[in-house]
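Summary of the model geometry
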Amino acid sequence: PLRVGVGIALLNSKNKIFVGKRIDNPKNFWQMPQGGVDINENYLDAAKRELEEETSIKSIELIKELDGWLKYNLPENLLGKVWKGKYGGQKQKWFIMKFLGEDEEINIKTKYPEFLEWKWIDIDEITNVAVNFKLNIYKEVKVQIKKIIN
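Rules behind the numbers
- Residues take numbers from 1 onward in each chain, read along the sequence in its written order.
- This being a predicted model, a pLDDT of at least 70 is required before a residue's local features are given, and a value of 80 or more before pairs of side-chain atoms are given or counted; all residues contribute to the totals for chains, interfaces and linings.
- Excluding hydrogens and water, the side-chain figures rest on all heavy atoms present in the structure.
- The way it works is that DSSP assigns letters per residue, a run of H or I at least four long becomes a helix, a run of E at least two long becomes a strand, and they are numbered from the N terminus.
- Exposed residues in this analysis have more than 50% of their type's maximum accessible area, buried residues have under 20%, and partly exposed residues fall in between, with area computed by a 1.4 Å probe over protein chains only.
- The contact criterion used is simple: two residues touch if any of their non-hydrogen atoms lie within 4.5 Å.
- A helix is expected to reach a length of 1.5 Å times the quantity of its residues less one.
- Directions drawn from the helix axis to the C-beta atoms are what define this arc.
- His residues and chain termini do not enter the charge count, which takes Lys and Arg as positive and Asp and Glu as negative.
- Salt bridges are identified by distance alone: a Lys or Arg side-chain nitrogen within 4 Å of an Asp or Glu carboxyl oxygen.
- Polar contact is defined as a pair of N or O atoms within 3.5 Å, subject to the rule that within protein one atom must be able to donate a hydrogen and the other to accept it, and that residues adjacent in sequence are counted only when both atoms are side-chain atoms.
- Here the nonpolar core consists of buried residues drawn from Ala, Val, Leu, Ile, Met, Phe, Trp, Tyr and Cys, with membership extended through side-chain atoms lying within 4.5 Å.

Further remarks concern the environment of Gln144. Looking at where Gln144 falls in the secondary structure, it is placed in helix 3 (residues 135-149). Accessibility expressed as a relative area gives 12% for Gln144, which makes it buried. Separated by 48 residues in sequence, Gln144 and Ile96 have C-alpha atoms that sit 8.7 Å apart. If we skip the residues at most four places from it in the chain, Gln144 touches Lys64, Leu66 and Ile96.

Here it is as structure tokens:
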């Protein structure tokens, strides 16, 4: 089965996108904030909660909720290890949001930190820094962002 989750493509005032380097995979892979949905939680609330839990960011506005679901399957080497072996991947509802605050608001040293470091990158770079099994999602998110900002 697939875990139900959300993903957040967060753009700053220069339309650069937020990425973090995961603590549990400190190789040169970066990802956008994402996470699971709690029981009876709506997807937008889950996205806002996950963003705040991972980055401390609250100063946002919703630009767009992407239609449908974006899905990925875990690679063989992670099956049975991630999410206590309960899921084989995720189906995610994605949101494009604008960051309205200053970079000082961003704090990844949270109660349960997920990121070692963070940065803003050009949208075209997003598919160069993602892990392979999330590449299809990142390609689609990039297409959707470009429709909005161009």
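The first and last C-alpha atoms of helix 1 (residues 43-55) sit 18 Å apart over 13 residues, in line with the 18 Å expected at 1.5 Å per residue. The complete set of buried residues in helix 1 reads Ala46, Ala47, Glu50, Leu51, Glu54 and Thr55. Angular distribution of buried residues about the axis of helix 1 spans 130°; they occupy a single face of the element. At its buried positions, helix 1 is contacted by strand 1 (2-11), strand 2 (17-22), strand 3 (34-36), strand 4 (60-65), strand 6 (89-99) and strand 7 (115-121).

Once that is clear, we can look at the side chain of Lys98. With respect to the element layout, Lys98 can be found in strand 6. It is Glu61 that comes nearest to the buried, bridge-free Lys98 among opposite-charge side chains, at 7.1 Å. Here Asn12 takes part through its backbone oxygen, which lies 3.1 Å from a polar atom of the side chain of Lys98. Here Asn15 takes part through its side chain, which lies 2.9 Å from a polar atom of the side chain of Lys98. Not counting residues within four places of it along the chain, the set of residues in contact with Lys98 comprises Leu10, Leu11, Asn12, Ser13, Asn15, Ser59, Ile60, Glu61 and Ile63.

It is worth spelling out the environment of Asp122 at this point. Here Asp122 lies in the loop between strand 7 and helix 2 (126-129). Not counting residues up to four positions away in its chain, the partners in contact with Asp122 are Lys16 and Ile17. Of note is the side chain of Asp122, whose polar atom sits 2.7 Å from the side chain of Lys16.

In this section: the nonpolar core. Grouped together as the largest cluster of nonpolar side chains are 21 residues, with contacts concentrated most on Ile17, Met32, Trp94, Val141 and Ile145. Counting only elements with at least two residues in this core, the list comes to strand 1, strand 2, strand 5 (70-73), strand 6, helix 2 and helix 3. For this core, the element with the highest residue contribution is helix 3, accounting for four residues. For Val141, the contacting residues outside a window of four places in its chain are Ala9, Met32, Leu66, Leu70 and Trp94. Grouped together as the second largest cluster of nonpolar side chains are 15 residues, Ile8, Leu10, Phe18 and Phe95 included.

Moving on: helix 3. A rise of 1.5 Å per residue sets the reference length of helix 3, with its 15 residues, at 21 Å; its end C-alpha atoms lie 21 Å apart and thus fit the reference within 8%. Residues of helix 3 that are buried include every one of Ile137, Tyr138, Val141, Lys142, Gln144 and Ile145, and no others.

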